[in-house]
Amino acid sequence: MARQVLFVCTGNICRSPMAEGLLRAALPKGTIWRVTSAGTSTLDGFGASAHAIDVMAEKGISIKAHRSQSATRDRVSLSDVIIAMTAEHARTLTSRFPECRDRIHLMRAFDPGSPPGSDVSDPFGGTLAEYRACCALLHKSMPGLLAFLEAHGGRAEGMGRAPREPSP
């Protein structure tokens, strides 16, 4: 049975499409995981930002076909793992969809070198270098996220448990 990961940011045109592209590229063929993204404050149908497209192309990943979509009750409810880019996104999702609280995680929680509660800053309107820095943060979290998904292997039980923070 397929399982779904949902990345969430604000406009669904920068951070979450980049994270979606990175995870899709990192998952093995035949995986049970489907990957999508959405925004807390967006309209449906916008393409990814030009710099996001460029940065991902540098990694050999195309997000040109991406179209923004809102984080609706249906999208959130159908997701087994929900990855928020910031604590504010997590609070917004929890407020709107309290039944999904146990499935919401911060992206940087999967990066063992990141302080607890760290956010992925929004590069919107920034330089190509700022988008590259954002993508680098997302990329650093991928091994931990992959390990989390592999450990849960699609099982419904335990899906809400956040990754442990590293010991000091």
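Residues numbered from 1 in each chain as written. Predicted model: local features only at pLDDT ≥ 70, side-chain atom pairs only at ≥ 80, totals over all residues. Heavy atoms only, no water.

A. Representation of the nonpolar core in the model. One finds F7, M18, L23, L138, L145 and L149 to be the most contacted residues of the largest nonpolar core, which totals 33 residues. Counting residues in each nonpolar core, the second largest holds 14 residues, with A38, V76, A90 and L106 among its members. (Core = buried A, V, L, I, M, F, W, Y, C linked by side-chain atoms within 4.5 Å. Buried < 20%, exposed > 50% of the residue type's maximum accessible area, 1.4 Å probe, protein only.)

B. Quick peek at the pairing of strand 3 (residues 81-84). Residues V81 and I83 of strand 3 are buried on one face, and the alternating residues I82 and A84, pointing to the opposite face, are buried as well. As paired elements, strand 1 (residues 3-9) and strand 3 share 4 bridges and run parallel to each other. Along strand 3, the bridge assignment pairs V8 with A84. The sheet contact formed by strand 3 and strand 4 (residues 104-106) spans 3 bridges and is parallel. Counted as the bridge partner of A84 is L106 from strand 4. Of the crossover connections in this fold, the one passing from strand 3 over helix 4 (residues 87-96) to the parallel strand 4 is right-handed. (Helix = DSSP H or I, 4+ residues; strand = E, 2+ residues; numbered from the N terminus. Pairing = 2+ DSSP bridges. Right-handed = clockwise from strand over helix to strand, strands pointing away.)

C. Structural detail: helix 4. All buried positions along helix 4 are accounted for by H89, A90, L93 and T94. Burial along helix 4 is one-sided: seen end-on, the buried residues are contained in an arc of 130°. Exposed and facing more than 90 degrees away from the buried side of helix 4 are R91 and S95. In the core, the buried residues of helix 4 are packed alongside strand 1, helix 1 (15-26), helix 3 (73-77), strand 3 and strand 4. (Arc of directions from axis to C-beta. Contact = heavy atoms within 4.5 Å.)

D. Seen up close, the pattern of salt bridges. Inspection of the entire model under this criterion finds 7 salt bridges. The partner of R91 in a salt bridge is E88, and the shortest N-O contact between them spans 3.0 Å. Within this pair, R91 and its partner E88 are both found in helix 4, separated by 3 residues, close to a single helical turn. (Salt bridge = Lys/Arg side-chain N within 4 Å of Asp/Glu carboxyl O.)

E. Spotlight on the environment of D102. As for its placement among the helices and strands, D102 is situated in the loop between helix 4 and strand 4. D102 sits 20 residues away from I82 along the chain, and the two C-alpha atoms are 9.2 Å apart.

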